[in-house]
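A structural walkthrough
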Amino acid sequence: MRDLSRLFQPRSIAVIGGGAWCANVIEQCAKMGFAGPVWPVHPTRSELGGVAAFASLDALPGVPDAVFIGVNRTLTIETVARLRAMGAGGAVCFASGFREAQAETGDGDSLQEALLAAAGEMPIIGPNCYGFINYLDGALLWPDQHGGERAERGVAVLTQSSNMAINITMQARALPLAYVGTAGNQAQIGLSEIGAAMLEDPRVTALGLHIEGIGDLRAFEALAARARALGKPVVALKVGKSEQAQKAAVSHTASLAGSDAGARALLRRLGIGQVESLPGLLEALKLLHFAGPLASNGVASMSCSGGEASLMADTGLGRDIRFPPLDEGQRAGLRAALGPMVALANPLDYHTFIWGDGAAMGRTFAAMMGGEEIAMCCLVVDFPRIDRCSDAAWDCVLEGAGHAARAVGKPLALVATLPEALSERVAARAIAEGLIPMLGLDETLCAIEIAARMGKAAVPEPLTLPGARKTGAAHVLSEAEAKAALASHGLAVPRSERVESRAALGEAAARAAYPVVLKSEGLAHKTEAGGVALGLKDTAAVTQAAGSMPGETFLIEEMIDGGVAELLIGVVRDPAHGFVLTLGAGGTLTEILRDSGSLLLPTTEDAVRDTLHGLRIAPVLAGYRGKPGADMGAILAAVMAVQDYVLAHADEIDEVEINPLIVTPTRAVAADALIRKGDKDE
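Described below are features of the structure shown in this document. (Residues numbered from 1 in each chain as written. Predicted model: local features only at pLDDT ≥ 70, side-chain atom pairs only at ≥ 80, totals over all residues. Heavy atoms only, no water.)

1. Comments concerning the overall build of the protein chain
Stated precisely, the cut-off is as follows: Only DSSP runs of H or I reaching four residues or more are called helices, and only runs of E reaching two or more are called strands; each is numbered from the N terminus. Relative accessibility decides the category of a residue: with a 1.4 Å probe and only protein chains considered, values under 20% of the type maximum give buried, values over 50% give exposed, and everything between is partly exposed. Throughout, a residue-residue contact means that at least one pair of heavy atoms, one from each residue, lies within 4.5 Å. All accessible areas in this document rest on Shrake-Rupley with a 1.4 Å probe, and a residue is counted as covered only by the protein chains that are shown. When charges are counted, Lys and Arg are positive and Asp and Glu negative, with His and the chain ends excluded. By convention, the point assigned to a charge is CZ for Arg, NZ for Lys, CD for Glu and CG for Asp.
Of regular secondary structure, the protein chain possesses 25 helices and 30 strands. Each principal axis of the C-alpha distribution contributes one length, and for the protein chain these read about 95 × 80 × 40 Å. Expressed as a percentage of its 682 residues, the buried residues of the protein chain come to 54%. Within the protein chain, contacts between residues separated by at least 24 positions form 72% of all contacts whose residues are at least 6 apart in sequence. Just so you have it, the protein chain exposes about 27600 Å², and 52% of that area is on carbon and sulfur atoms. Of the charged side chains in the protein chain, 57 are positive and 77 negative, and the gap between their average positions amounts to 2 Å.

Structure, rendered in structure tokens:
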């Protein structure tokens, strides 16, 4: 990995250019107390941002560690070449008009190639990049105002949006920021390499990513691996949900497993927490900064309001969060602290009988936190706004909670239901007491869910990545061909006979073992097109059913009886994330229920089992209300057979789908199969 330490932790900074953006860089470094020299460079100006300027790079008193280049795109290339020759530590290229503007300018690609050639091995970030802020050292290659302050340690946040980066610096959530950075168009150094370099700083505790797209999967895997080795969590806000795969689909699988499904599977596989909002990103980073990964998802919640207790319980629905029942030790401690009139439960409404008595509140909170299944505790409390009210009566909360946190040694979060009800002033007091100030119930439980998952994350195998096929358009195998190909890798398929013409149908039907299924070949969705007939009991029924079907070739297949459920198994080639395996409700319910989960290949039987258990139809597979369950071993064998086939033909597969896989108490049989692929080069 490239050494970016001189760039991100510079001892000297040069600023090339004379506009307001460049002046801002110089002024912000002074404002943040950067200890090293800042050298403006401009051919005609005597000063910039209140600092004496140098006429050229050759006039500088030394070689700069980090350089902000704020000149036009053509001059940027010349400047980068000169800095490389000088031995500079690296640069941020502010100018736009490179590859990101190719469609508009027509020369963006060629200029970017020239920029890369000029840089050589010298690190450059951008172009079209706002740069970064190092709050640890007060070093800013940042051409704008920001809302952060110096920190001794904290989280790094890296975005693919300069405006979002500015907004993040304005957070008032008591989240210590170590770095805020942008990646620009990533001509040389990508998001993953920048993130890994920030994690190498021992003062950084966690990394937050805003991701529009992952350009280099291997680099992203390396980032995740390095984060695991350093014991530093990574959380991502992935945007850009796409319907591209749905529009091109010839199967249900592609419509279920688009880019978003692939991205989710990738982040989950690599142990990276995923959030759905910017507040969620900041709160998850905050919890991980102060508490790190959690031992479990067991949560104790307390409030002095039954409404808040109910709201907390409801907010936890649908999340991988548990509110374990109180054990005997918790009950005894709570009863001693609260007396006989409070109903004991988790979440707990501890009422207001002890309000104002910090010692009694501390005993209550400590008793609640002491349960063996509790990994962390949430104390729901909203503080008054001090411009119109007094919050003096809430001092008891901080006193009692601080005592409990120190006594028990587990994370204790002060959770405000409304962000404005926990100010930075109160948050600072909470942190001083050893508490974690959290804003929003949903954001807090999302953060806990992520932290608990990270506490048990396994080390993943490297992904199998699809390469670009060199051949032309893909083609779809016939159902018979697809089943034969998959059966050779161990997939169970029905006994069948292919009939190549209508004239031969009667003779083939006479040989069948009834009951049978008749299918017309060449239809992607046979049921909708009237191309399938089930439960036919004799030759006459077969020929009669064929009369109303389209097509000239048919399959006569074994009828699979005793089905517990129908499943879908599908794999889609996703160039952005790898081969995406989708498991879900199959047959006619696929698009009605939208009940599916996704993994990336290669995967394991344990991961497949966990995904199946997470489906809404999982109770049916297990045996619902006394009915027989499915043969889970047969289902797993079917999924592994599909995986084996895909991995063996990874250079040509675009898509594989089994729908439905009919599962019975003793079998799992592929009733229909589709394979879309391109031929290998000869």
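2. Here we look at the pattern of salt bridges
Counted only if it meets this: Note on definitions: salt bridges are taken to be side-chain nitrogens of Lys or Arg within 4 Å of carboxyl oxygens of Asp or Glu.
Evaluation of the coordinates by the stated rule reveals 37 salt bridges. For Arg2, the salt bridge identified is with Glu193, shortest N-O distance 3.0 Å. Placement of Arg2 in the segment before helix 1 (5-8) and of Glu193 in helix 7 (residues 191-199) is noted, with a sequence separation of 191 residues between them. A relative accessible area of 25% places Arg2 in the partly exposed class. When its relative accessible area of 18% is taken as the criterion, Glu193 is described as buried. Taking the shortest distance from any N to any O, the salt bridge between Glu558 and Arg495 comes out at 3.6 Å. Of this pair, Glu558 sits in strand 24 (residues 554-558) while Arg495 sits in the loop between helix 19 (479-487) and strand 21 (496-499), and the two are 63 residues apart along the sequence.

3. Structural notes on the sheet that holds strand 16 (residues 348-349)
Our working definition: If DSSP finds at least two bridges between two strands, the strands pair. Orientation is described by lines fitted to C-alpha atoms, with helices fitted over the stretch in contact, and by angles between N-to-C directions that extend from 0 to 180 degrees.
The strand order across the open sheet formed by five strands is 16-15-17-18-19, and the pairing between neighbours is parallel. Looking along the sheet, the strands with just one partner apiece sit at the ends: strand 16 and strand 19 (436-439). Judged from the two bridges that link them, strand 15 (residues 299-303) and strand 16 form a sheet pairing that is parallel. Bridge assignment links Met302 to a residue of strand 16, and that residue is Leu348. Along the sheet, helix 12 (residues 278-290) contacts strand 17 (376-380) and strand 19; its crossing angle with strand 19, the most-contacted strand, is approximately 170°.

4. Quick word on the packing of helix 23 (residues 605-613) against helix 25 (residues 632-648)
Test applied: A crossing counts as left-handed when the near helix is turned anticlockwise from the far one by less than a right angle, and as right-handed when that turn is clockwise. Under the scheme applied, nonpolar residues are Ala, Val, Leu, Ile, Met, Phe, Trp, Tyr, Cys and Pro; charged residues are Asp, Glu, Lys and Arg; polar residues are all the others, including Gly.
The N-to-C vectors of helix 23 and helix 25 enclose an angle of 115°; their axes lie 10 Å apart at closest approach. Between helix 23 and helix 25 lies a crossing of right-handed hand. Mapping the contact onto sequence places Glu605, Val608, Arg609, Leu612 and His613 in helix 23 and Met632, Ile635, Leu636, Val639 and Met640 in helix 25. Each residue belonging to the contact of helix 23 with helix 25 can be placed in one class, and the counts come to seven nonpolar, one polar and two charged.

5. A few points about the sheet that holds strand 23 (residues 532-536)
Sheet strands pair by backbone hydrogen bonding; their relative direction is either parallel or antiparallel. Strand order in this open sheet of four strands is 21-24-22-23, and the pairing throughout is antiparallel. Looking along the sheet, the strands with just one partner apiece sit at the ends: strand 21 and strand 23. Sheet twist, expressed as the mean angle between neighbouring strand axes with direction ignored, is 15°. In this structure, strand 21 lies alongside strand 24, joined through four bridges in antiparallel fashion. Each residue of the ladder has a partner; that of Glu497, found in strand 24, is Ile556. Its contacts with the sheet place helix 19 against strand 21, strand 22 (516-520) and strand 24, and it is angled at close to 45° to strand 24.

6. What about the pairing of strand 12 (residues 204-211)?
Regular strands place side chains that alternate from one sheet face to the opposite one. Burial analysis of strand 12 places eight of its eight residues in the buried class, which makes it a mostly covered element. Both strand 10 (residues 154-159) and strand 12 contribute to a ladder of four bridges, which runs parallel. Across the sheet, Ala156 pairs through a bridge with Leu207, a residue of strand 12.

7. What about the state of the cysteines?
The criterion, for reference: Any two cysteine sulfur atoms within 2.5 Å of one another count as a disulfide.
Going through the model one piece at a time under the given rule, you end up with zero disulfides. With no disulfide of its own, Cys378 has Cys377 as its nearest cysteine by sulfur position, at a separation of 6.5 Å. You can see Cys396 has no disulfide; the closest cysteine sulfur is in Cys304, sitting 9.1 Å from it. Taking the relative accessible area as the measure of exposure, Cys396 reaches 6% and is therefore buried.

8. Looking at the environment of Gly400
Residue position: Gly400 is located in helix 16 (residues 395-408). Residue classification places Gly400 among the buried positions, given a relative accessible area of 0%. It is 28 Å that separates the C-alpha atoms of Gly400 and Leu177, two residues lying 223 residues apart in sequence. Not counting the four nearest positions on each side in its chain, Gly400 is found in contact with Gly358, Met361, Gly362 and Phe365.

9. Looking at the nonpolar core
To keep things clear, this is the line we draw: Joining through side-chain atoms within 4.5 Å is the link that ties buried Ala, Val, Leu, Ile, Met, Phe, Trp, Tyr and Cys residues into a set, and such a set is a nonpolar core.
Judged by nonpolar contacts, the single largest core of 100 residues is most densely connected at Phe8, Ile13, Leu209, Phe220, Val235 and Ile448. Examining the composition of this core, we find that eight residues originate from one element, helix 18 (residues 441-454), more than from any other. If we ignore the near neighbours within four places in the chain, the residues touching Ile448 are Leu287, Leu294, Val299, Ile321, Met376 and Cys378. Counting 42 residues, the second-largest nonpolar core is a separate cluster that includes Ala482, Val571, Ala585 and Ile635.

10. Topic: the pairing of strand 2 (residues 38-41)
Burial of the side chains of strand 2 extends over both faces: Val38 and Pro40 are buried on one face and Trp39 and Val41 on the other. Where strand 1 (residues 13-16) and strand 2 come together, four bridges link them in parallel fashion. Looking at the pairing, Val15 lines up with Pro40 of strand 2.

11. Some words on the environment of Pro602
With respect to the helices and strands, Pro602 occurs in the loop between strand 27 (596-600) and helix 23. Measuring from C-alpha to C-alpha, the distance between Pro602 and Ile617 comes to 24 Å, with 15 residues separating the pair along the chain. Residues within four places of Pro602 in sequence aside, it is in contact with Arg269, Glu461, Pro462, Leu463, Thr464, Gln643 and Leu647.

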